[in-house]
Amino acid sequence: MAAAADSSGDGGTSSGEKTIVLVSSDNSARFEVREAAALLSQTVRRMIDEAGADASGDGITLPDVDAKTLAKVLEYCNKHAPASSSSSAAEAAPPAEGEEDLERFDREFVRVDMGTLYSLVTAASYLKIEGLLNLTCQTIADMIKGKTPEQIRKTLGITSEFTPEEEDEVRRENAWAF
Amino acid sequence: MSHDSGSSAGAGVESLSLDLLAHALAGVGDPRDRKSCRLASRAFARAEAASRRAARVLRREALPRVLRAFPALSSLDLSACAGLDDASLAAALPVPDPGAGAADPPPGQLLLTVRRVRLARASGVGWRGLEALVAACPRLEAVDLSHCVAAGDREMAALAAAAGLRELVMDKCLGVTDVGLAKVAVGCPGLQRLSVKWCLEISDIGIELLAKKCPQLRSVDISYLKVTNESLRSLSTLEKLEDIAMVSCLFIDDDGLQMLSMCNSLQSIDISRCNHVSSLGLASLIDGQRFLQKINVGHSLHEIETCVLSKLSTIGETLTVLRLDGLEIFASNLQAIGSTCKNLVEIGLSKCNGVTDDGIVSLVAHCCDLRTIDVTCCHLLTNDALSAIAENCRKIECLRLESCPFISEKGLERIATLCSHLKEIDLTDCRINDAALQHLAICSELLILKLGLCSSISDGGLVYISSNCGKLVELDLYRCSAITDDGLAAVASGCKKIRMLNLCYCTQITDAGLKHVSALEELTNLELRCLVRITGIGITSIAIGCTSLIELDLKRCYSVDDAGLWALSRYSQNLRQLTISYCQVTGLGLCHLLGSLRCLQDVKMVHLSWVSIEGFEMALRAACGRLKKLKLLDGLRSVLSTELLQMLQACGCRVRWVDKPLVYKG
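Every chain is numbered independently, its residues counted from 1 as its sequence is written. Written order decides the labels, with chains lettered from A and ligands numbered from 1. pLDDT decides what is reported in this predicted model: residues at 70 or higher carry local features, side-chain atom pairs at 80 or more are listed and counted, and totals for whole chains, interfaces and linings draw on all residues regardless. As a convention, hydrogens and water are excluded, and side-chain values are obtained from all of the structure's heavy atoms.

**A word on the interface of chain A and chain B**
In this complex, chain A contributes 43 residues to the contact, which on the side of chain B involves 42 residues. Accessible surface is computed with a 1.4 Å probe, and the buried area is the amount of it that two parts give up when combined, taken over both parts together. Around 3500 Å² of area is buried between chain A and chain B when both sides are counted, 61% of it from carbon and sulfur atoms. In what follows, salt bridge is the name for a side-chain nitrogen of Lys or Arg lying within 4 Å of a carboxyl oxygen of Asp or Glu. Its salt-bridge partner being Arg-42 of chain B, residue Glu-166 of chain A comes within 3.1 Å of it at the nearest N-O pair. Polar contacts here mean pairs of N or O atoms no more than 3.5 Å apart (in protein, one a potential hydrogen donor and the other a potential acceptor; neighbouring residues in sequence count only if both atoms are side-chain atoms). Taken together, the connections running from chain A to chain B amount to 10 residue pairs in polar contact (both at pLDDT 80 or more). Secondary structure elements follow DSSP: runs of H or I of four or more residues count as helices, runs of E of two or more count as strands, with numbering from the N terminus. Looking at the side of chain A that touches chain B, the elements that each hand over two or more residues are helix H6 (114–127), helix H7 (130–144), helix H8 (149–156) and helix H9 (164–176) of chain A. For the side of chain A that touches chain B, the element with the highest residue contribution is H9 of chain A, accounting for 8 residues. Each residue gets one label: Ala, Val, Leu, Ile, Met, Phe, Trp, Tyr, Cys and Pro are nonpolar, Asp, Glu, Lys and Arg are charged, and the others, such as Gly, are polar. Looking at the side of chain A that touches chain B residue by residue, the class counts come to 18 nonpolar, 14 polar and 11 charged. Any pair of residues with heavy atoms lying within 4.5 Å of one another is described as a contacting pair.

**Let's talk about a positive patch on the surface**
On the surface, Arg-121, Arg-479, Lys-629, Arg-654, Arg-656, Lys-660 and Lys-665 of chain B cluster together into a patch of positive charge. When you line up the elements, Lys-629 of chain B lands in strand S23 (residues 629–633). Each patch groups residues whose relative accessible area exceeds 30% and which form no salt bridge, using 9 Å between like charges and 5 Å between nonpolar side chains of Val, Leu, Ile, Met, Phe, Trp and Tyr. Here the accessible surface of atoms and residues is derived via Shrake-Rupley with a 1.4 Å probe, and residues count as covered only by protein chains that are part of the display. For this count, His and the chain ends are skipped, Lys and Arg are scored as positive, and Asp and Glu as negative. All charge positions are set by atom: Lys at NZ, Arg at CZ, Asp at CG, Glu at CD.

**Points about the nonpolar core**
Only buried Ala, Val, Leu, Ile, Met, Phe, Trp, Tyr and Cys residues count toward a nonpolar core, and they belong to the same one when joined by side-chain atoms within 4.5 Å. Using a 1.4 Å probe on the protein chains alone, a residue whose accessible area is under 20% of its type maximum counts as buried, one over 50% counts as exposed, and one in between counts as partly exposed. Among the nonpolar cores identified, the biggest contains 206 residues, and Ile-222, Leu-528 and Met-605 of chain B are the most heavily contacted of them. Top contributing element to this core by residue count: helix H6 (residues 127–136) of chain B, with 6 residues. What Met-605 of chain B contacts, discounting residues up to four positions off in sequence, is Ile-580, Ser-581, Leu-590, Leu-594, Phe-616, Leu-620, Leu-630, Lys-631 and Leu-632 of chain B. Within the second largest apolar cluster, 53 residues are counted, among which are Leu-62, Phe-105, Tyr-118 and Leu-132 of chain A.

**Quick word on the confidence of the model for chain B**
Residues and elements named next belong to chain B. For every residue, the predictor assigns a confidence score, pLDDT, that lies between 0 and 100. Overall, the prediction assigns chain B a mean pLDDT of 91, with 96% of residues at 70 or greater. Between residues 1–9, whose pLDDT stays under 50, and residues either more than four places distant or in other chains, the model counts 8 contacts. In the predicted structure, residues 101–107 sits below a pLDDT of 50 and forms 2 contacts with residues beyond four places in sequence or in another chain. Across the predicted assembly, pTM comes out at 0.83 and ipTM at 0.79.

**A closer look at the packing of aromatic side chains**
Residue and element names in this part refer to chain B. Under the pairing criterion, centres of Phe, Tyr and Trp rings, with the six-membered ring standing for Trp, must be within 6.5 Å; the plane angle then separates stacked pairs below 30 degrees from edge-to-face pairs above 60, leaving the rest tilted. Within this structure, the stated rule accounts for 7 aromatic pairs over all chains. Ring centres of Tyr-478 and Tyr-505 lie 5.9 Å apart, and the angle between their planes is 80°; on these two criteria the pair is classed as edge-to-face. Here the residue Tyr-478 occupies a position in the loop between strand S17 (474–476) and helix H20 (485–494), and Tyr-505 occupies one in the loop between strand S18 (500–502) and helix H21 (511–517), the gap between them amounting to 27 residues. For Tyr-478, a relative accessible area of 28% puts it in the partly exposed group. Between Tyr-582 and Tyr-664, the ring centres sit 6.4 Å apart and the planes meet at 75°, which makes this aromatic pair edge-to-face. In this pair, Tyr-582 is assigned in the loop between strand S21 (577–579) and helix H24 (587–596) and Tyr-664 in the segment after strand S24 (654–658), connecting sequence segments 82 residues apart. You can call Tyr-582 buried: its relative accessible area is 4%. Classification of Tyr-664 as partly exposed rests on a relative accessible area of 49%.

**Considering the pairing of S23 of chain B**
Residue and element names in this part refer to chain B. Direction of pairing for strand S22 (residues 602–605) relative to S23: parallel, over a ladder of 4 bridges. What sits directly across from Asp-602, in S23, is Lys-629. Orient the strands so they point away from the viewer; a crossover is then right-handed if the path from the first strand over the helix to the second runs clockwise. The β-α-β motif built from S22, the intervening helix H25 (residues 613–622) and the parallel element S23 has right-handed crossover chirality. Two elements, S23 and S24, share 5 bridges in a ladder whose sense is parallel. Within S24, the residue paired with Lys-629 across the bridge is Arg-654. At least two DSSP bridges between two strands are required for those strands to pair.

**Topic: the state of the cysteines**
Counting rule for disulfides: a pair of cysteine sulfur atoms within 2.5 Å. In total, this model carries 0 disulfides over all chains according to the counting rule given. Free cysteine: Cys-377 of chain B, not disulfide-bonded; nearest cysteine sulfur from Cys-404 of chain B at 7.4 Å.

**A closer look at the sheet that holds strand S2 (residues 30–34) of chain A**
Residues and elements named next belong to chain A. In space, the 3 strands of this open sheet follow the order S2-S1-S3, with mixed pairing throughout. Of all strands in the sheet, those bounded by a partner on one side alone are S2 and strand S3 (60–61). Think of each axis as a best-fit line through the C-alpha atoms, taken over the contacting stretch in the case of a helix, with angles from 0 to 180 degrees between the N-to-C directions. Sheet strands in contact with helix H3 (residues 67–80) are strand S1 (19–23) and S2, and its direction is about 10° off that of S2.

**A word on the side chain of Asp-459 of chain B**
Residues and elements named next belong to chain B. Tracing the backbone through its elements, the reader meets Asp-459 in helix H19 (residues 459–468). Although Asp-459 lies buried, it forms no salt bridge, and the closest oppositely charged side chain, Arg-533, sits 11 Å away as judged by the N-O distance. Residue contacts for Asp-459: discarding those within four places in its chain leaves Ala-482, Ile-483, Thr-484, Asp-486 and Gly-487.

This is the structure we're talking about:
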């Protein structure tokens, strides 16, 4: 999805929509996306508001999101972006795709390895994309359902640093409370 | 947090901040899953604590820590907290400091997030504890104090200080009078839901003041009170009233219902067991309602007359629940109901005379959205009725068919094939056999299966059920005498989520069968009455395996001795209710049992022939502060020391003395 660098961040696509250029943390990749898609991120929205029209010429650098994760995030944004491109309507307008279609997309979207999933959670939080944050967090929650502590550790890649005494204490509390 | 673009391993879970982890764990609802999270790692334990919204405390020693460790706690359930009393509650709660300056940190952070507190049956908590609670939780919105039998006006005064209170349940708080109700009404003007069931001292005067002072009331329950039509006059002034229940209000009649019809925003009315109301009163109440969804007139009218049926058409769009239990119902009535109330979701016809296949057929022909059908004791129904239900009501979830002797596997086959959503079915006292269970096994969503008194059910039937009904939570095999250990083996392997199991009088079961049952880790309620072949060995395996056990009934298990009870003492630390009447326990075993089980509060021990008087004295003293209900042989009343009996009473324990002859059964 890495498009050739545009000299003007506000360059139009062939369909005449406004686009925005987002740059990954290590400057290795630049992505040109529809404004409606980019504005799903409250952080990007704030950056544009603060920087004004002229600063977006060089693209917006996102210091906390690497290239791979940014690509994936933008995949989500493009799919969930509203049809209308005007920034004021972006929040209120429904997405262009049908709901079932989106659900299917979401399900496939989170079929990734744990490392990518964690990166997505952090990125969604930093970029303040509510839909993506809820989706990824719920995916983690769903992975926990019905599992023993050992299974949870295995699935989510956790190492337990509990000492035996600490673990006993937690077990006792589990029995006495809740 | 940026990563090397060359790193292929990706982020670990450590990269998630505590907030993000808590956000993720907020999506984990099941209490068992949350417990597993706490054991996964320290970070997870912290995140779980940060995101936990509800806590149910079982031991009062854990209370101080729980209240401090969970900053997001919104709902606190103390109803099962063994031995909770004013002193321990007040000691655990943070104390608001009236004179705290900006520089000094307050002695304890107030519980700002706690909104709901449940203290049902917490008979040790009185006004002191409630005062401390209200002071510590400034945002308190909902309190449940039901069955705190000793609670009275002083307790109500304590609650009246919670100005933001919106919901209050005071069922069976027998000491509450109009005075206490008035205090709450004045102190909590924002009250929206109030239940004063069984608070017999409350009269029309109290209700009148309540209606004046709490105009926001939406839901009121005055069941079993001796109030008259005047209370209904008062309540009719509440503009927002949606939900009213007056079960068994024997002094209310048609005039009162007429007055109540002034409220035209009613959504739910329950006038069951009010034997002075008639169809005319009900008709005048329904008249003019536009939002009525639920009507319960069970056991109040004699039959449902045309004046009511014609009014039903005005609410036919909105009515979803209709309970007519105990009424005389004719096929024409059901035809009329069906054709006017097409959106019915639940119909109650329990113990209704006159319900025939024709009636059911015409009802379900129109009401395709029915999810619950209760035809308990409708003796005339046959498989034809079931076929009609199966064909028309594909969404059916709950079928109550107790005592319908003509129902057989043919009808159940239709149900099972066409109604895949079936979750609950009650076939107690029906003449069904294993073939019926073979058909029912198709219903993989089945949660509750009641087969009491079905003596033709055998192990084969259980094998069918266990093969596909993995979600089963409750299984009732009361007096299914053909069941043996093999049947239990099948159940234990296929239905691992079972929580309630009734095996009373299935006398062929032995310790081997109980060994299978011990594999059910989620088992909470187990009834084993009169299983004469089981011994301490079987009980030991249950005690070790079923760690969640809360209720156990061993009445007439003549071969269970101290060894079995010793295992309970050691392992069943969550046990709250126990029946050991007629068991072979000695004084030592009993003492050990009652001394070790910290949560035990309800014990039935009639005819413990091997326990001496000294044995009873020691055992009951050991558990005095915790016991709430006891059932003992009447003969003991005169031989136990008065000091002990007074102590029990002082600790809030109610003793039932029964006079039963010593007779061996089985």
